[in-house]
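# Coordinate inspection notes
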Number of protein chains: 2
Amino acid sequence: MELVSQSQCFGGVQAVYSHSSETCQCKMTFGLFLPPQAKDRKVPLLWFLAGLTCTHENAMTKAGLQNYAAEHGLALVFPDTSPRGDGVLDDEAYDLGQGAGFYVNATRDPWGRHFRMYDYIVEELPALLVEALPLNGVFGITGHSMGGHGALTIAFRNPDKFRSVSAFAPIVNPTRSDWGRKQFSAYLGDDEAVWGNYDACLLLAEHGWKGEILIDQGADDQFLDLLRPEAIAGQIAGARQPGIVRMQPGYDHSYYFIASFGADHVRWHAKRLNAL
Amino acid sequence: MELVSQSQCFGGVQAVYSHSSETCQCKMTFGLFLPPQAKDRKVPLLWFLAGLTCTHENAMTKAGLQNYAAEHGLALVFPDTSPRGDGVLDDEAYDLGQGAGFYVNATRDPWGRHFRMYDYIVEELPALLVEALPLNGVFGITGHSMGGHGALTIAFRNPDKFRSVSAFAPIVNPTRSDWGRKQFSAYLGDDEAVWGNYDACLLLAEHGWKGEILIDQGADDQFLDLLRPEAIAGQIAGARQPGIVRMQPGYDHSYYFIASFGADHVRWHAKRLNAL
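Note that the coordinates shown come from a computational prediction; the quantities given were computed from them, not determined experimentally.

Definitions and cut-offs
- Residues numbered from 1 in each chain as written.
- Chains lettered and ligands numbered in written order.
- Predicted model: local features only at pLDDT ≥ 70, side-chain atom pairs only at ≥ 80, totals over all residues.
- Heavy atoms only, no water.
- Pairing = 2+ DSSP bridges.
- Helix = DSSP H or I, 4+ residues; strand = E, 2+ residues; numbered from the N terminus.
- Axes fitted to C-alpha atoms, helices over the stretch in contact; angles between N-to-C directions.
- Buried < 20%, exposed > 50% of the residue type's maximum accessible area, 1.4 Å probe, protein only.
- Contact = heavy atoms within 4.5 Å.
- Polar contact = N/O pair within 3.5 Å; in protein donor to acceptor, adjacent residues only side chain to side chain.
- Arc of directions from axis to C-beta.
- Buried area = accessible area lost by both parts, 1.4 Å probe.
- Nonpolar A, V, L, I, M, F, W, Y, C, P; charged D, E, K, R; others polar.
- Bend = angle between axes of the 7 residues up to and from the residue.
- Least-squares fit on C-alpha atoms with pLDDT ≥ 70 in both.

## Observations regarding the sheet that holds strand E4 (residues 43-49) of chain A
Residues and elements named next belong to chain A. On the basis of which strands lie adjacent, the open sheet formed by nine strands has the order E1-E2-E3-E5-E4-E6-E7-E8-E9 and mixed pairing. Each edge of the open sheet carries a strand with a single partner, namely strand E1 (2-9) and strand E9 (243-248). Sheet twist, expressed as the mean angle between neighbouring strand axes with direction ignored, is 20°. Here strand E6 (residues 135-143) pairs with strand E7 (residues 162-168) via three bridges, running parallel. From the neighbouring strand, Phe139 faces E7, where its bridge partner is Phe162.

Below, the structure is given as structure tokens:
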């Protein structure tokens, strides 16, 4: 783990690290915020998975979450959204290849060599972070858009690893969306049964979720047809699953939307992650 | 005034506008945040002047001020830092020409044609904003680095126009800094007596300031030699000028520093701008 930069921020430290990833077979970069409380004790960690076209930097600089994380004593990690670099396959489209890992383990060539973001987020990066930093191993997870999809699916499949989950404008039903079908076809091949491992609605139907779920969705989001919030809202209500889906009037898909409700999400996770 | 984009943000609206500037003889772009209170009444406006290399976008997306502005009922404006575009002169250096207007009226060719940021901020843009938007004409001003220099000098020269002033890591004594001497020489010529019109320390010595001044400065700022906080700290104390200069341990020159103390500055201005 190599320190790329660090700045004091709300009394804590916002750092950027890079490391050589065995899972993704390339150098990966991530942002890591440690709150002031981490000087004295190990703290819980909230994962923020970003959306299409983002790097580790977007949410780190624009979502404004450090303020609340410092208040509540949570660390934050901002992973990249895909493997990256000259040696990594890419596609001309914004929604495939670099910047568009979709948090899956690609099984289909030529993507399979590098595009293993699911294992990277679930296995490799957690181990690295807990080893190197003052973290107590208690995790929550959230994310935006493609990263909201990542947060929900990763939590639902790993309830022992993630104690709390929320999402901002998540892609909730990718097997039925052009943000999903195209990528799953490329990364996973044509057997749609496999795709279900990465669809929040299908996973929730199969496994449920041990706790509550918080989802915020802008009612004026320009991508509502691709995000399909009605699918998970119906799923949660239909299954009597504890959870809150808030359609927020006037908000679009931008980081201004995330910033506006960032305090609520950090508090949501803090309540659960700081519980003994 | 042409609307470029708008997003709801903390219950208010973060917009970007462009307009044809008579002062700068080019198209200019700025960010404008209206708090939710502006739906019902005219509100005060806090100016945020950005630093070297910035556009209208940096502070708008990274400083996190909208949260507090929404709470206190202040509008925010994020002007660009220079004239810009293909038809506008530039220099290869990051600290001269586009992105480096230094908030002066250039009098020396070839800069004089476009680089008139002082008049743009003091005259043209205020008139445009008050005409077009629900603003009550009560202004405060702040800024970062080169923009902190702009905020202090513009306030000190226009006490009837700006009711409150603060700055983050400002260049306070540009006539004695390489962030100043180079640019003033290019924009204003070699008569150093003229430069004093754009030096916060010299202006404060000459005119004082009617109210209090708030300055935050990171003690670990990588540019302390160029910013020279000791000059204005000494000036304020020596002149018995009401004001607060805070050397903040551990903070550098980044937007994480601005974000960390943004709440304090917005509150500082709100207290003065919302007073009857």
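## Topic: the pairing of E7(A)
Residues and elements named next belong to chain A. Counting buried positions over the seven residues of E7 gives six, a clear majority of the element. By the bridge criterion, four bridges tie E7 to strand E8 (residues 213-218) in an arrangement that is parallel. Looking across to E8, one finds that Ala167 is bridged to Ile215.

## As for the environment of Asp216(A)
All names here are of chain A. Structurally, the position occupied by Asp216 is in strand E8. For Asp216, a relative accessible area of 0% puts it in the buried group. Sequence separation between Asp216 and Ile244 is 28 residues, and the spatial gap between their C-alpha atoms is 8.2 Å. Setting aside its immediate chain neighbours within four residues, Asp216 contacts Ala167, Phe168, Ala169, Pro170, Arg246, Gln248, Phe257, Phe261 and His265. There is a polar contact of 2.7 Å between the side chain of Asp216 and the side chain of Arg246.

## Focus: helix H5 (residues 181-188) of chain B
What sets the pattern is the α-helix's 3.6 residues per turn: residues three or four places apart point alike. Residues and elements named next belong to chain B. All of the buried residues in H5 are Gln183, Phe184, Ala186, Tyr187 and Leu188. An end-on view of H5 places all buried positions within 165° of arc, on one side of the element. Where H5 is buried, its residues touch helix H4 (146-157) and helix H6 (192-195). Within two residues after H5, Gly189 carries a phi angle of roughly 90°, on the positive side.

## A word on the side chain of Glu124(A)
With respect to the helices and strands, Glu124(A) occurs in helix H3 (residues 117-132). Not counting residues within four places of it along the chain, the set of residues in contact with Glu124(A) comprises His19(A), Ser20(A), Ser21(A), Glu22(A), Thr23(A), Cys24(A) and Asp119(A).

## Notes on the interface of chain A and chain B
Contacts between the two partners involve 22 residues from chain A and, on the opposite side, 22 residues from chain B. Together, the buried faces of chain A and chain B total about 1700 Å²; carbon and sulfur atoms form 48% of this surface. Contact with chain B buries area across many residues of chain A, yet Gln8(A), Phe10(A) and Tyr256(A) alone supply 40% of it, more than any other trio. The tally of links between chain A and chain B comes to 10 residue pairs in polar contact (both at pLDDT 80 or more). Breaking the side of chain A that touches chain B down by element, the ones donating at least two residues are E1, helix H1 (57-62), helix H2 (66-72) and helix H10 (255-273) of chain A. Taken together, the residues of the side of chain A that touches chain B break down into nine nonpolar, 11 polar and two charged.

## Brief notes about helix H10 (residues 255-273) of chain B
Residues and elements named next belong to chain B. For H10, the principal kink sits at Phe261 and spans about 50°. Counting buried positions along H10 gives 16 out of 19 residues, so the element sits mostly inside the fold. In this structure Ser254 caps H10, since a side-chain oxygen of it lies 3.2 Å from the backbone nitrogen of Tyr256.

## Overview of the side chain of Thr23(B)
Residues and elements named next belong to chain B. Residue placement: Thr23 occurs in the loop between strand E2 (12-21) and strand E3 (26-34). Within the local environment of Thr23, its side chain forms a polar contact with the side chain of Glu124, the two groups lying 2.5 Å apart. If near-sequence neighbours (up to four positions away) are discounted, Thr23 is found in contact with Arg113, His114, Arg116, Asp119, Tyr120 and Glu124.

## Points about the relation of the copies chain A and chain B
The operation relating the two chain copies consists of a rotation about an axis and a shift along that axis. By a simple turn and slide, chain A fits onto chain B: the slide is 0.0 Å along the axis, the RMSD is 0.0 Å, and the turn is 180°. Expressed as a symmetry operation, the mapping of one chain copy onto the other fits a two-fold axis. Closest approach to the rotation axis among the C-alpha atoms of chain A is made by Lys62(A), whose C-alpha sits 2.5 Å away. Counting the interface residues of chain A, we find that 100% of their copies in chain B are interface residues as well, pointing to one common contact surface.

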